[in-house]
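Chain residues, written in single-letter form:
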Amino acid sequence: MELVLTRIAKRRNYTIGRLAVRERVDDEFLAGEREVYLCDTLEPTWRDIGWGKKGRKVAGKTAIPEGRYPVVITKSEKFGKWLPLLLGVPMFEGIRIHAGNSVADTQGCILVGENKTVGHVWNSNTWVHRLKQKIVEAKDRGEGVWITVR
């Protein structure tokens, strides 16, 4: 299963994105892939210095670099529950997808929910639960789970 996080609003204090699931389509009218919207995301601000150089990291206040990362579900010591974890993120460790409503609730992780208020996501616990279900179902089918952040 391929998750796709498209950052749509890179603001000074936060980043809003759209999380989708890439699905294969094979029917008589359409063949290929499509991205099906799942929910919104909230991350710290993206710090890009431009001109093809790497972004800079401010501890606990920086969104992860764009790229493609494997996703697993492991028990979080910090949160005391099973949560998605992104592996192999350059310059970052312990990047999870978890519940929260504002950038004060994340130190670089991806919050999921519904972006109904500027700079916030709501109904986050519901969306974490739904996302975990999708990931577990994919793993049960023997699929790897990846996220592309762009």
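Up top you'll find the structure we're talking about.
Each chain has its residues counted from 1, following the order in which its sequence is written. Under the rules for a predicted model, residues below a pLDDT of 70 receive no local features and side-chain atom pairs below 80 are neither given nor counted, while totals for whole chains, interfaces and linings still include all residues. Neither water nor hydrogens contribute to the side-chain values; these are computed over all heavy atoms in the structure.

## A closer look at the pattern of salt bridges
When the charged atoms of two side chains lie near each other, side chains of opposite charge can form a pair. Stated formally: When a carboxyl oxygen of Asp or Glu lies within 4 Å of a side-chain nitrogen of Lys or Arg, that pair is called a salt bridge. Secondary structure elements follow DSSP: runs of H or I of four or more residues count as helices, runs of E of two or more count as strands, with numbering from the N terminus. Throughout, exposure labels follow a simple rule: accessible area from a 1.4 Å probe, protein chains only, divided by the maximum for the residue type, with under 20% read as buried, over 50% as exposed, and the rest as partly exposed.
What the rule picks out here adds up to 10 salt bridges. A salt bridge links Glu 2 to Arg 68; the shortest N-O distance between them is 2.9 Å. Highlighted residues: Glu 2 in strand S1 (residues 2-10) and Arg 68 in strand S4 (residues 67-76), separated in sequence by 66 residues. Arg 22 is paired through a salt bridge with Glu 33; the nearest N and O atoms lie 3.9 Å apart. Note that Arg 22 is positioned in strand S2 (residues 15-26) and Glu 33 in strand S3 (residues 31-43), a separation of 11 residues in sequence. Of the residues examined, Glu 33 reaches a relative accessible area of 57% and is grouped as exposed.

## A closer look at the packing of aromatic side chains
The criterion, for reference: The rule is short: rings of Phe, Tyr and Trp, with Trp giving its six-membered ring, pair when the centres are within 6.5 Å, and they are stacked under 30 degrees, edge-to-face over 60, tilted in between. Only when the NZ atom of a Lys or the CZ atom of an Arg is both within 6 Å of the ring centre and within 35 degrees of the ring normal do we say a charge sits over the ring.
Taken as a whole and assessed by the stated rule, the structure comprises zero aromatic pairs. For the cation-ring pair, Arg 68 lies above Trp 146, with the distance from its terminal atom to the ring centre recorded as 4.1 Å.

## Thoughts on the side chain of Thr 62
Inclusion rule: Whenever a nitrogen or oxygen atom comes within 3.5 Å of another N or O atom, the pair is scored as a polar contact, on the condition that within protein one atom can donate a hydrogen and the other can accept it, and that pairs from neighbouring residues in sequence are kept only if both atoms are in side chains.
Checked against the element boundaries, Thr 62 lands in the loop between S3 and S4. There is a polar contact of 2.7 Å between the side chain of Thr 62 and the backbone nitrogen of Val 58.

## Focus: the nonpolar core
Grouped burial of nonpolar side chains is what soluble globular proteins tend to show. Just so we agree on the cut-off: Buried Ala, Val, Leu, Ile, Met, Phe, Trp, Tyr and Cys residues form a nonpolar core when they are joined through side-chain atoms within 4.5 Å. The contact definition used throughout considers only heavy atoms, calling two residues in contact when any of these lie within 4.5 Å.
In terms of nonpolar packing, the biggest core is built from 26 residues, with Leu 3, Leu 19, Ile 64, Leu 86, Val 112, Leu 131 and Ile 147 touching the most fellow members. Mapped by element, the contributors of at least two residues to this core are S1, S2, S3, S4, strand S5 (81-86), strand S7 (110-117), helix H1 (124-140) and strand S9 (146-149). The biggest single contributor to this core is H1, with five residues. With sequence-adjacent residues up to four places away left out, Leu 86 is seen in contact with Ile 64, Tyr 69, Pro 70, Val 71, Ile 95, Ile 97, Ile 110 and Ile 147. With six residues, the next largest nonpolar core counts Ile 16, Leu 42, Leu 111 and Val 121 among its residues.

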